[in-house]
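# Structural overview for review
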Amino acid sequence: MRLSKAYIPTLKEAPADAEVISHKLLVRAGCVRKLTSGVYIYLPLGWRSLNKIAAVVREEMNRAGAQELHMPVVQPAELWRESGRWEQYGKELLRFKDRHDRESCLGPTHEEVITDLVRGEVRSYRRLPINLYQIQTKFRDEIRPRFGLMRGREFIMKDAYSFDKDDAGADASYKSMYDAYERVFTRLGLRFKAVEADSGSIGGSFSHEFMVLAETGEDTIVYCPACGFAANVERAPAIAAITPWSGERPPLKEVSTPGTHTVAQVCAFLKAEPSDLIKTMLFTADGAPVAVLVRGDREVNLIKLKNFLDAAEVEQAAPEQVTQWTGAPLGFAGPVGLRGDVRIYADEELKDGRPRIAGANKGDAHVRNLDIARDVKVTAWADLRVIAEGDPCPQCGQKPGFARGIEVGHVFKLGTKYSKALNATIQDEEGRERHIIMGCYGIGVSRILAACVEQNHDVDGIVFPPAIAPYDLMLLNLDEKNAELAAKADELYELLRNEGLEVLLDDREERPGVKFKDADLIGIPMQLVLGTKGFQRGVLEAKDRRNGEKIELPLADFAGAFRAWRERVLSGWGMR
RNA sequence: CGGGAUGUGGCUCAGUCUGGCGGAGCGCAGCGUUCGGGACGCUGAGGCCGGAGGUUCAAAUCCUCUCAUCCCGACCA
């Protein structure tokens, strides 16, 4: 492609509405433009990269035995009613009516459609296993789209669905997808980690997330170098190292703590450590009031709470509810003296029995010497906190590490959740009717583009891994007005294309500085620079975008020298 | 949905507090000088100051409503 004719609008400045680096750079490099909140136009450059990503995904899906199909974006309400998700899914499901007043929705995911398809066709175990996938635009009306392509409302996703006759088959399908995902992300040149995950609203029995490691990731993962354990912190058990309290247990005592609303304020006022406190967090679980007790230096894990209570919806209580249940202003909630119908759940870690400080359910007051066993009517004990630095590995007890990640893939073993809801059955070897065992597997194709830039950039712009780069190579002609040089550039352009490379030739009548800046910004892995001075000396400059290393290649034996250099650039990426 | 902020040529922003001819830089068009890391000079085009209503002799500026976008908290590829 000739840059003089290409639609690649680069920008010197980042748009005001972009916050994260991938968003800024993808817009500046002319890869994407925002149409409206959470909805993006993929420009030629960005679209090429997305297709590169999709191609790798496709190859690995096909290799794993999955077959590609394409399902509709518009889906009828009846199917969603049948699965129960029309009511359950929430506002992310964009619902609308057509001209006949028929209710429809834009597909946020395709379990309903695929299950409907398969239940109509597949009656026998002999037809299984089957794995079907598509690469397609999804729409989820996110409450708050953000971070550019990272959390859009409209995005491109690869979703695959497996159907098996029994559990062992489903496990094999799961494993096969898991392995395919590892190959996909490895081939794309991403640094990633597969972690155990919560299965969320999609449902099902177990799942793994594939996380691209980046500081700007929305998720935190915990991993153990000793035993290989890796999980999303939402999911990781927090093991309490409990040392039972053997000291005194003085009686409960109320103390005045004017104006201390936060743990930090209480600690400062009473000269205590956060771990000496009990935090009383109030929630509604499917409408019912719930109090959760954790140590002052811990965070309540909402997912664990939700799973433990087996609740459909758990939300932090509104301020009015808090004041109503505690009879006190915000910041003074405690487990003693709560309104009667508030169930109290305590985190395992508090089982050490140590007397602690808690809110008094009274303005400007706390209580000291709170002994949960003695003073509080606990409904149940459970692991309800987020694992934190300093906690042992839940699997082997060694010290785990923590990292931030961007979720780019998620594999679920669904079991029979959808096959039961939609009555998708087969006959087994004995002629018995059985529900099909399902799995589903997603890859955020457009999110990978953003995650890739988050992980691969420098001060000058994007540093695309070869597998994702929109072109293999960029050829800069520094003086387009020099006819001899332009002819040489054309010759090299043809030669490189004949080598099977995708080449972007900067043949614009621009000053060299502009060309260098744009080339670095766009981030194509290999740059060849043809300038007058070098040309006179019979050389051109080759620059590795990843590390900035420049060498000169002789024009005389260009093909050979180029191949050797190209090998080096590519192996540099392979060895990361 | 709560909390915070912002809407002014294509882009980044000043001007708003204290009402009085709509500005700058970049980009764009033309001419000239430049030409290996986002050059310089001159000339020029380009605006319903997000929209509606109000106050006023006079509104980008003050008031009311509304729409949009971004950031912080509950969802997810």
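Above this text you will find the structure in question.
The sections below set out a description of the structure shown in this document. All values reported here derive from a predicted model rather than from experimental measurement.

What counts, and at which threshold
Counting restarts for each chain, with residues numbered from 1 along the sequence as it is written. Labels are handed out in written order, letters beginning with A for the chains and numbers beginning with 1 for the ligands. For a predicted model such as this one, the threshold for reporting local features is a pLDDT of at least 70, and the threshold for listing and counting side-chain atom pairs is 80 or more; totals across whole chains, interfaces and linings nevertheless cover every residue. Water and hydrogen atoms play no part in the side-chain values, which are based on all heavy atoms of the structure. Summary of the burial criterion: residues with accessible area below 20% of their type's maximum are buried, those above 50% are exposed, and those between are partly exposed, where the area comes from a 1.4 Å probe applied to protein chains only. Numbering of helices and strands runs from the N terminus; a helix is a DSSP stretch of H or I covering at least four residues, while a strand is a stretch of E covering at least two. Directions from the helix axis toward the C-beta atoms define the arc. What makes two residues a contact is simply this: any of their non-hydrogen atoms within 4.5 Å. Contacts described as polar in this section are N or O atom pairs within 3.5 Å, which, within protein, must combine one atom able to donate a hydrogen with one able to accept it, while residues neighboring in sequence count only if both atoms come from side chains. Following DSSP output, two strands are said to pair if at least two bridges run between them. Think of each axis as a best-fit line through the C-alpha atoms, taken over the contacting stretch in the case of a helix, with angles from 0 to 180 degrees between the N-to-C directions. One speaks of a salt bridge when a side-chain nitrogen belonging to Lys or Arg is within 4 Å of a carboxyl oxygen belonging to Asp or Glu. For classification purposes, an angle smaller than 35 degrees is called roughly parallel, one larger than 145 roughly antiparallel, one from 65 to 115 roughly perpendicular, and anything else oblique. A crossing counts as left-handed when the near helix is turned anticlockwise from the far one by less than a right angle, and as right-handed when that turn is clockwise. Put simply, a nonpolar core is a bunch of buried Ala, Val, Leu, Ile, Met, Phe, Trp, Tyr and Cys residues held in one set by side-chain atoms that sit within 4.5 Å of each other. Disulfides are defined as pairs of cysteine sulfur atoms found within 2.5 Å of each other. For Phe, Tyr and Trp, rings pair up if their centres lie within 6.5 Å, where Trp contributes its six-membered ring, and each pair is then called stacked (planes under 30 degrees apart), edge-to-face (over 60) or tilted (otherwise). Lysine NZ or arginine CZ positioned within 6 Å of the ring centre and within 35 degrees of the ring normal marks a charge as sitting over the ring.

## Points about helix 8 (residues 302–309)
Along helix 8, the positions that sit buried rather than exposed are Lys304, Leu305 and Leu309. Along the axis of helix 8, the buried residues cluster in a sector spanning 120°; they form a single face. Buried residues along helix 8 sit in contact with strand 14 (278–285), strand 15 (288–295), strand 16 (314–316) and strand 17 (343–347). The residue sitting at the N-terminus of helix 8 and contributing the capping side-chain oxygen is Asn301; that oxygen lies 3.0 Å from the backbone nitrogen of Ile303.

## Digging into the sheet that holds strand 29 (residues 526–530)
Here five strands make up an open sheet; going across it, the order is 28-27-29-30-31 and the pairing mixed. Across the chains shown, the open sheet's two edge strands, defined by having one partner strand only, are strand 28 (503–506) and strand 31 (550–554). The average angle at which neighbouring strand axes cross in this sheet is 25°, direction not considered. Alignment of strand 27 (residues 473–477) against strand 28, held across four bridges, turns out to be parallel. Opposite Met474, over in strand 28, you have Leu504 as the bridge partner. Along the sheet, helix 14 (residues 512–522) makes contact with strand 27, strand 28, strand 29 and strand 30 (539–544), crossing strand 27 at roughly 175°.

## Description of the pattern of salt bridges
Overall, the coordinates contain 58 salt bridges when judged by the stated rule. Of the charged contacts, one joins Arg432 and Asp428 as a salt bridge, the two residues approaching to 3.1 Å between their closest N and O atoms. For Arg563, the salt bridge identified is with Glu499, shortest N-O distance 2.8 Å. Of this pair, Arg563 sits in helix 16 (residues 558–574) while Glu499 sits in the loop between helix 13 (483–498) and strand 28, placing them 64 residues apart in sequence. Residue classification places Arg563 among the partly exposed positions, given a relative accessible area of 44%. The structure contains a network of salt bridges with shared partners spanning Arg295, Asp297, Arg298, Asp347, Glu349, Arg385 and Asp391.

## Notes on the packing of helix 2 (residues 44–63) against helix 6 (residues 167–187)
Helix-helix packing is characterised by the crossing angle of the two axes and by the distance between the axes. Taken N-terminus to C-terminus, the directions of helix 2 and helix 6 make an angle of 150°; their axes are 9 Å apart at the nearest point. The angle between the axes of helix 2 and helix 6 places the two elements in the roughly antiparallel class. Of the two possible hands of crossing, helix 2 and helix 6 adopt the one that is right-handed. Counting all contacts with helix 2, which are made through Val56, Val57, Glu59, Glu60, Met61 and Arg63, the residues of helix 6 involved are Met177, Ala180, Tyr181, Arg183, Val184 and Arg187.

## A short note on the nonpolar core
The nonpolar side chains of soluble globular proteins are, as a tendency, buried together. Formed by 63 residues in total, the largest nonpolar core has its most connected members in Met61, Phe185 and Ile448. Once residues lying within four places of it in the same chain are set aside, the contact partners of Met61 are Ala66, Tyr133, Lys158, Ala160, Met177, Ala180 and Tyr181. One finds Leu93, Val118, Ile130 and Phe163 within the second-largest nonpolar core, a separate group that totals 26 residues.

## Examining helix 1 (residues 21–28)
Regarding helix 1, the residues found buried are Ser22, His23, Leu25, Leu26 and Val27. On its buried face, helix 1 is in contact with strand 1 (32–36), strand 2 (39–42), helix 12 (445–455), strand 25 (457–458), strand 26 (461–462) and helix 14. Of the residues one or two after helix 1, Gly30 is the one with positive phi, at around 75°.

## Looking at the sheet that holds strand 20 (residues 380–382)
An order of 16-14-15-17-20 is seen for the five strands of this open sheet, with the pairing classed as mixed. Two strands in the sheet have a free side with no partner beyond their single neighbour: strand 16 and strand 20. With strand direction ignored, the average angle separating the axes of adjacent strands in the sheet is 35°. Here strand 14 runs beside strand 16; their pairing, made up of three bridges, is antiparallel. Of the residues in strand 16, the one forming a bridge with Thr284 is Glu315.

## A word on the pairing of strand 1
Examined bridge by bridge, strand 1 and strand 2 share four bridges and lie antiparallel to one another. Paired with Thr36 across the bridge in strand 2 is Val39. Counting the residues in the hairpin turn of strand 1 and strand 2 gives two residues, including Gly38, whose phi is positive at 75°.

## Remarks on the environment of Pro237
Position of Pro237 relative to the elements: it lies in the loop between strand 12 (230–232) and strand 13 (253–256). In this structure, the C-alpha to C-alpha distance between Pro237 and Asp391, residues 154 residues apart in sequence, is 10.0 Å.

## Here we look at the state of the cysteines
Taken as a whole and judged by the stated rule, the model has zero disulfides. There is no disulfide at Cys393, and the cysteine sulfur nearest it, in Cys227, is 3.6 Å away. Judged by relative accessible area, Cys393 falls into the buried class, the value being 2%. Of the cysteine sulfurs around Cys440, a residue in no disulfide, the closest is that of Cys105, at 16 Å.

## A look at the packing of aromatic side chains
Going through the model one piece at a time under the given rule, you end up with twelve aromatic pairs. Centre to centre, the rings of Phe192 and Phe210 are 6.3 Å apart; their planes meet at 35°, and the pair counts as tilted. Of this pair, Phe192 sits in strand 9 (residues 192–197) while Phe210 sits in strand 10 (residues 206–213), and the two are 18 residues apart along the sequence. Since its relative accessible area comes to 0%, Phe210 is described here as buried. An aromatic cluster is present here, built from Tyr178, Tyr181, Phe185, Phe192 and Phe210 joined pairwise through their rings. Over the face of the ring belonging to Tyr471 we find Arg48, whose NZ or CZ atom lies 3.9 Å from the ring centre. In this structure, Arg95 is placed above the aromatic ring of Trp86, and the distance from its NZ or CZ to the ring centre is 5.1 Å.

## Some words on unusual backbone geometry
Following Leu128, the chain continues to Pro129 via a peptide bond in cis, the omega torsion being 5°. Here Pro129 is to be found in the loop between helix 5 (111–121) and strand 7 (130–139). In the Ramachandran plot, Asp286 falls in the positive-phi region, its phi being about 50° despite a non-glycine side chain. Along the chain, the position of Asp286 falls in the loop between strand 14 and strand 15. The partly exposed category is assigned to Asp286, whose relative accessible area is 49%. The phi torsion at Asp364 lies on the positive side, around 55°, for a residue other than glycine. In this fold, Asp364 is placed in the loop between strand 18 (356–359) and strand 19 (365–370).

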